[in-house]
Amino acid sequence: MSDGGESLREGTAVLEPPARSARGSVAAAVVEAWERFRGPVLARVDAVERAALAVLEGRLDEEVRREAEREAHKLAGSVGTFGFAQGSRIAREVERILQESTALEQAEALRLTDLVVALRRELARAPSLPAAEPASGAAPAGPADLPLLLVVDGDAELAERVAMEASGRGMRARVALTLADARVAVAEEAPAVVLLDLALDGEDAGLELLRELAARTPPIPAVVLTARSSFTDRVEVARLGGVGFLQKPVAAGTAVEAVRVVLRRGDAGRSTVLAVDDDPAVLAAVQALLQPQGVEVRVVDDPLRFWDALEAVHPDLVLVDVDMPHFDGIELCRVMRNDGRWSATPVVFLTTRNDAGTVQRVFAAGADDFVVKPIVGPELVGRITNRLERVRLHRALADTDPLTGVANRRRSEELMQQLLHLAMRQQQPLSLAILDLDHFKRVNDRHGHGTGDEVLRRVARLLQRSFRAEDVVSRWGGEEFVVAMFGMDKDDGVQRLAEVLDALRQESFGDLDGGELRVTFSGGVSQYPPDGADLATLHRAADAALYQAKESGRDRVLPAGWTPERPGAVESVDVLVVEDDEALAKLLLHALETRGYRSRWISDGAEAAARLTGSRPSLRARVVLLDVDLPGMDGHVLLRTLGRERVLERTRVIVLTVRSHEAEVVQTLEEGAFDHVPKPFSVPVLLQRIRRAMRA
């Protein structure tokens, strides 16, 4: 724990920065930081004074001398930044005396005492800071400058927990327990994000507010909370403008993390600096100088925690002190340069020394620049912001696939590693999908590379529209796209990719001869943790499923672990369709097969009974879609037969019927049906019912 009282968040080594508007006054921020750290700084002066008194009394030992030397070194590097330039010069003279004299003479002891008195006098006056303001010239940030989160939930206890968690993470929070209260709150001050319970004031009443928020100018982003988790609910939320979907019960920390993702998405141009220094006062000064410029500063005061912080933050630039306990900054820089992930990340050193030897050592370790302590505000701001601007320009070219505009392989692997790290920390699923356009070489050969490029661009846009902003959509080369989906299991991932495939089938592409071209893809989806604990293993599992999809006829998406039927064995399917309407049956089979379900169609009730029952049935099914009006054997009779033969112990039956009155529903449920779906029905809704039946 640092002297300044910051606390570590979520098990990382990263100290949360105090939130501050980019419009805030730099000078005011530095003064505020000085007020926070005045006590710890004066405690360092006390350590130097103890050494001076010990010399005068003839009892100075090596441990006390070394402690005083360390504290003088930190004072020299920090107090000048807070507006005490003379204080830094005095502290540097104190450090020189303590370094050069292991056995201090009486004259040196008196000189040391005079310097301590002068240092205390200097630190007792008001800090002297330059009057220059940032370009915006705005007033200092206050609480009103923090982003406002509106929590709209009838569960008062959960809402208050979320509000408290948000307040601890640099946000303001307001709670509305009813729809009317929420509308009043939005009218009084437009929130940055709304966390909205769909079931507020009754079933789906929250959807009304969601629609209103999306219709505002500018729209207000909303993250939805709901006890339901069906795909149709997710689609409806996305259709009405929702930007996040959380299923209850949910921890307050998880909800706030989802809100922070939305806030970061809205501030995509914001750069992040990781500052590493064992002096919390210096870290506070760095935050005060850089955050008003729109730079997010995450700080670490213990070099032993540096690596964990680096992997958690993924900074755009690292600012590191040279002299620290355990590992110095030069060693940390060398470790970074030995890892391909961080070999190109800019490193700027902070140092109280600018001699030729120190300068040579930092650049030999891989430094990009260095700043001499005490920090001069305009110099630090100028050096850091200029280098961050070059980083942004470089990444715009280096991170994006130039043809499609989605992330390239290198950048997407970085982002996917971050999502995987988050999934491990929060114990959430992560799905990885690989999709490959079917017969794409044929497209280029027959229709020209211009048409092929347009196909790739359109597919990329379709993927970007179909997935959330926090998901990672990327092109890994040729006709292969890879998508990472946080918080989504592979069944949901298969469903989402199948919806994209359905949409792609409706797209037509013009060719060089004025004709029309239609395109499909094959896909495979794996999931953390059951299919792998690292990105490489997950990719292999998804790639194996993609291979199976191609072998099974292409134009489909399969989950990892899918296996084809074994010849000679009892036929086993995921879904058996017992329906005499051929057109409807083929529609259902197509929808099922493209989502990776093994399926079979039987049009006669008696044939279905013969294959499913008996001591040695020839067919087993996890779910049966059963029409009531069937030739050979009525659906109700077949359902009772399956119950009598104990087939319903392992098989779930969903009854399909045009008769949806209450008596019909009660009858089918009493006969053992798992669910009842009236005709006509929505195929996506039916697919969701099937998934629920399989999980029961």
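Above this text you will find the structure in question.
Residues numbered from 1 in each chain as written. Predicted model: local features only at pLDDT ≥ 70, side-chain atom pairs only at ≥ 80, totals over all residues. Heavy atoms only, no water.

Asks: Whenever I open this one, the overall build of the chain confuses me. Can you help?
Replies: Along the backbone of the chain there are 24 helices and 22 strands. Counting across all 696 residues of the chain, residues that qualify as buried make up 51%. Put simply, of all contacts in the chain between residues at least 6 apart along the chain, 68% involve residues at least 24 apart. In the structure as shown, the chain presents an accessible area of about 30600 Å², 50% of it carried by carbon and sulfur atoms. (Helix = DSSP H or I, 4+ residues; strand = E, 2+ residues; numbered from the N terminus. Buried < 20%, exposed > 50% of the residue type's maximum accessible area, 1.4 Å probe, protein only. Contact = heavy atoms within 4.5 Å. Areas by Shrake-Rupley, 256 points an atom, 1.4 Å probe, with all protein chains shown as cover.)

Asks: I keep staring at the side chain of T351 and nothing clicks. Help me out?
Replies: Here T351 lies in strand 9 (residues 347-351). You can call T351 buried: its relative accessible area is 2%. Once you skip the residues sitting within four places of it in the chain, T351 turns out to touch D321, V322, T358, F370, V371, V372 and K373.

Asks: Explanation requested: the sheet that holds strand 11 (residues 430-437) in the structure shown.
Replies: What holds strands together in a sheet is hydrogen bonding between their backbones, with the strands either parallel or antiparallel. One open sheet accounts for five strands, arranged 12-13-11-16-17; its pairing is mixed. Looking at strand neighbours, the two that pair on one side only are strand 12 (472-477) and strand 17 (557-559), the edges of this open sheet. Each adjacent strand pair in this sheet contributes to an overall mean axis angle of 20°, direction not counted. The sheet contact formed by strand 12 and strand 13 (residues 480-486) spans five bridges and is antiparallel. In the sheet register, G477 faces strand 13, and the bridge partner there is E480. The strands touched by helix 15 (residues 409-426) are strand 11, strand 12, strand 13 and strand 16 (521-528); relative to strand 12, the strand with the most contacts, the crossing angle is about 140°. (Pairing = 2+ DSSP bridges. Axes fitted to C-alpha atoms, helices over the stretch in contact; angles between N-to-C directions.)

Asks: When you look at the packing of aromatic side chains in this model, what are you seeing that I'm missing?
Replies: To describe a pair of aromatic rings, you give the distance between the ring centres and the angle between the ring planes. Under the definition given, this model contains two aromatic pairs. Relative to F370, the ring of F363 lies with its centre 6.0 Å away and its plane at 80°, an arrangement referred to as edge-to-face. Residue classification places F370 among the buried residues on the basis of a relative accessible area of 18%. (Phe/Tyr/Trp six-rings, centres within 6.5 Å; stacked < 30°, edge-to-face > 60°.)

Asks: Could you clarify how one ought to interpret the sheet that holds strand 20 (residues 619-627) in this entry?
Replies: Pairing is parallel in the open sheet, where five strands are placed in the order 19-18-20-21-22. With partners counted over all chains shown, the strands left at the sheet margins are strand 19 (599-602) and strand 22 (675-678), one partner each. On average, adjacent strands in this sheet sit at an angle of 25° to one another, irrespective of strand direction. Sheet topology places strand 18 (residues 571-578) next to strand 20; seven bridges connect them, and they run parallel. Paired with S572 across the strands is R620, a residue of strand 20. On top of the sheet, helix 23 (residues 662-670) reaches strand 21 (652-657) and strand 22; it is set at about 145° to strand 22, its chief contact.

Asks: Help me understand the packing of helix 12 (residues 329-337) against helix 13 (residues 356-365), please; the structure alone is not making it clear to me.
Replies: For the pair helix 12 and helix 13, interaxial distance at closest approach is 8 Å and the crossing angle is 20°. Classified by the angle between their axes, helix 12 and helix 13 sit roughly parallel to one another. Residues I330, C333, R334 and R337 of helix 12 pack against R361, V362 and A365 of helix 13. Tallied by class, residues from the contact of helix 12 with helix 13 come to four nonpolar, no polar and three charged. (Parallel < 35°, antiparallel > 145°, perpendicular 65-115°, else oblique. Nonpolar A, V, L, I, M, F, W, Y, C, P; charged D, E, K, R; others polar.)

Asks: Sorry, what's going on with unusual backbone geometry here?
Replies: The phi torsion of most residues other than glycine is negative, and most of the peptide bonds are trans. Here Y528 and P529 are connected by a cis peptide whose omega angle stands at 5°. In this fold, P529 is placed in the loop between strand 16 and helix 19 (535-551). Geometrically, the link from K679 to P680 is a cis peptide bond, its omega value of -5° lying close to zero. The topology assignment puts P680 in the loop between strand 22 and helix 24 (683-695). One non-glycine residue, H314, lies in positive phi territory at about 50°.

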